[in-house]
2 protein chains.
Amino acid sequence: MKEFTIIDQTPTTPSKAFAIYEKKFKALADKKRLEIMNIVCQRGSVCVCDLTEIIDMSQSKLSYHLKILFDAKLLIKENRGTWSYYQLNEREVNHLLSEELCCLFRPSGR
Amino acid sequence: MKEFTIIDQTPTTPSKAFAIYEKKFKALADKKRLEIMNIVCQRGSVCVCDLTEIIDMSQSKLSYHLKILFDAKLLIKENRGTWSYYQLNEREVNHLLSEELCCLFRPSGR
DNA sequence: CAATTAAATCAAATATTTTTGATGTAAGGA
DNA sequence: TCCTTACATCAAAAATATTTGATTTAATTG
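Residues numbered from 1 in each chain as written. Chains lettered and ligands numbered in written order. Predicted model: local features only at pLDDT ≥ 70, side-chain atom pairs only at ≥ 80, totals over all residues. Heavy atoms only, no water.

Whenever I open this one, the relation of the copies chain B and chain A confuses me. Can you help?
There are two copies of the chain, and a rotation about an axis plus a shift along that axis relates them. Overlaying chain B with chain A gives an RMSD of 0.0 Å, the required rotation being 180° about an axis along which the chain moves by 0.0 Å. Such a turn and shift between the copies fits a two-fold axis. With an isologous cut-off of 70% or more, the 100% of interface residues of chain B that recur at the interface of chain A puts this contact in the isologous class. (Least-squares fit on C-alpha atoms with pLDDT ≥ 70 in both. Contact = heavy atoms within 4.5 Å.)

What's the story with helix α2 (residues 31-43) of chain B in this structure? I'm lost.
Owing to its 3.6 residues per turn, the α-helix brings residues three or four apart onto one side. Taking 1.5 Å per residue as the helical rise, α2 of chain B with its 13 residues ought to reach 18 Å, and the 18 Å between its terminal C-alpha atoms agrees with that figure. Of the residues trailing α2 of chain B, Gly-44 of chain B is marked for its positive phi of about 90°. (Helix = DSSP H or I, 4+ residues; strand = E, 2+ residues; numbered from the N terminus. Expected span 1.5 Å × (residues − 1).)

Which parts of the structure should I look at to understand the sheet that holds strand β1 (residues 46-47) of chain B?
Each strand in a sheet pairs with its neighbour through backbone hydrogen bonds, running either in the same direction (parallel) or in the opposite one (antiparallel). Residue and element names in this part refer to chain B. Spatial strand order, β1-β3-β2: 3 strands in an open sheet with antiparallel pairing. A single partner strand is all that each edge strand has here, and the edge strands are β1 and β2 (75-80). Direction of pairing for β2 relative to strand β3 (residues 83-88): antiparallel, over a ladder of 6 bridges. Within β3, the residue paired with Arg-80 across the bridge is Trp-83. This element, α2, spans β1, β2 and β3 of the sheet and lies at about 95° to β3. (Pairing = 2+ DSSP bridges. Axes fitted to C-alpha atoms, helices over the stretch in contact; angles between N-to-C directions.)

Help me understand the side chain of Thr-12 of chain B in this model?
Residue and element names in this part refer to chain B. Mapped onto the fold, Thr-12 is located in the segment before α1 (14-28). Given the relative accessible area of 13%, Thr-12 is considered buried. Each residue touching Thr-12, except ones within four places of it in the same chain, is listed here: Lys-2, Glu-3, Phe-4, Ile-6 and Ala-17. (Buried < 20%, exposed > 50% of the residue type's maximum accessible area, 1.4 Å probe, protein only.)

Hey, could you run me through the protein's contact with DNA strand C in this one?
Around DNA strand C sit 23 residues, and of these Lys-32, Tyr-64 and His-65 of chain A together with Cys-49 and Ser-63 of chain B come closest. A share of 65% is what sugar and phosphate atoms reach among the atoms of DNA strand C within 4 Å of the protein. Within the backbone of Thr-82 of chain B, a nitrogen or oxygen atom sits 3.4 Å from a sugar or linking oxygen of DNA strand C. For the surface near DNA strand C, the secondary-structure elements that each account for two or more residues are α2 (31-43) and α4 (59-71) of chain A together with α3 (48-54), α4 (59-71) and β3 of chain B. In terms of residue count, α4 of chain A provides more of the surface near DNA strand C than any other element does, 5 residues in total. Of the residues assigned to the surface near DNA strand C, the class counts are 7 nonpolar, 9 polar and 7 charged. (Near = heavy atom within 4 Å. Polar contact = N/O pair within 3.5 Å; in protein donor to acceptor, adjacent residues only side chain to side chain. Nonpolar A, V, L, I, M, F, W, Y, C, P; charged D, E, K, R; others polar.)

What is the right way to read the interface of chain B and chain A from this model?
One frequently used descriptor of interface size is the decrease in accessible area upon assembly of the parts. Listed as interface residues are 27 residues of chain B and, on the opposing side, 27 residues of chain A. Between chain B and chain A, roughly 2,500 Å² of surface is buried when both sides are summed, and carbon and sulfur atoms account for 70% of that area. Considering only the side of chain B, the residues that lose the most area to chain A are Phe-18, Phe-25 and Leu-104 of chain B, jointly responsible for 25% of the buried surface there. At the boundary of chain B and chain A, one finds 0 salt bridges. Along the contact surface separating chain B from chain A lie 6 residue pairs in polar contact (both at pLDDT 80 or more). (Buried area = accessible area lost by both parts, 1.4 Å probe. Salt bridge = Lys/Arg side-chain N within 4 Å of Asp/Glu carboxyl O.)

Here is the structure:
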């Protein structure tokens, strides 16, 4: 059986690799979530309440979308008191997307 | 207004860029379609009837999924008589995915 | 020309995702 | 301690996507 190795994972079968990538691409397959990724990246680190003001989106909706990105390991979460700060998982994004496309998440010449 | 440039497109707004990438990631956000991409890439060029035998999938289902990949410009189609031959759009895939990930579509050391 | 094959498309049924508004939990401040 | 704020989660409704089986179109074959 052919093996695939995915970032930070032990080698796996093609079929399991497809399932893992399916989840990551599903997370990226939404323009609102791409916008969230873009903003999170620009700001470096953002909490949910700040995001609700930046993008016009209800809190529960935002939490829902953030969870999808987080579960796909595209975002990192850090809890400080009652706040949750989200950051881009740069390592993961770099391993997934082309350099060119990573620029979508680095719009200010970073 | 900030501009983004996507492969083979005139510069566009972030919001339009997000919509275009949404479509491409949606196409990749399915393990069966990832498997199709993988097989198409291994074979170089495949027609629908060959694919139905390689992966266990009905003809109409396969046509449905191929259309999604084609509409997202991830596959190229060539009609020869009653046959449709599909190929990976390497240029597009290379511009979208990391080199590492492109290997998922080049499993035999190509 | 009739029969067969390849593949796209369609409409209905099914399944999955997303949205919405409400509720729960825990931390911080008065 | 009570009130407020931040955020996650929940269940029901709404919106999308996928599957299924049938039909259509057009090219090939006998």
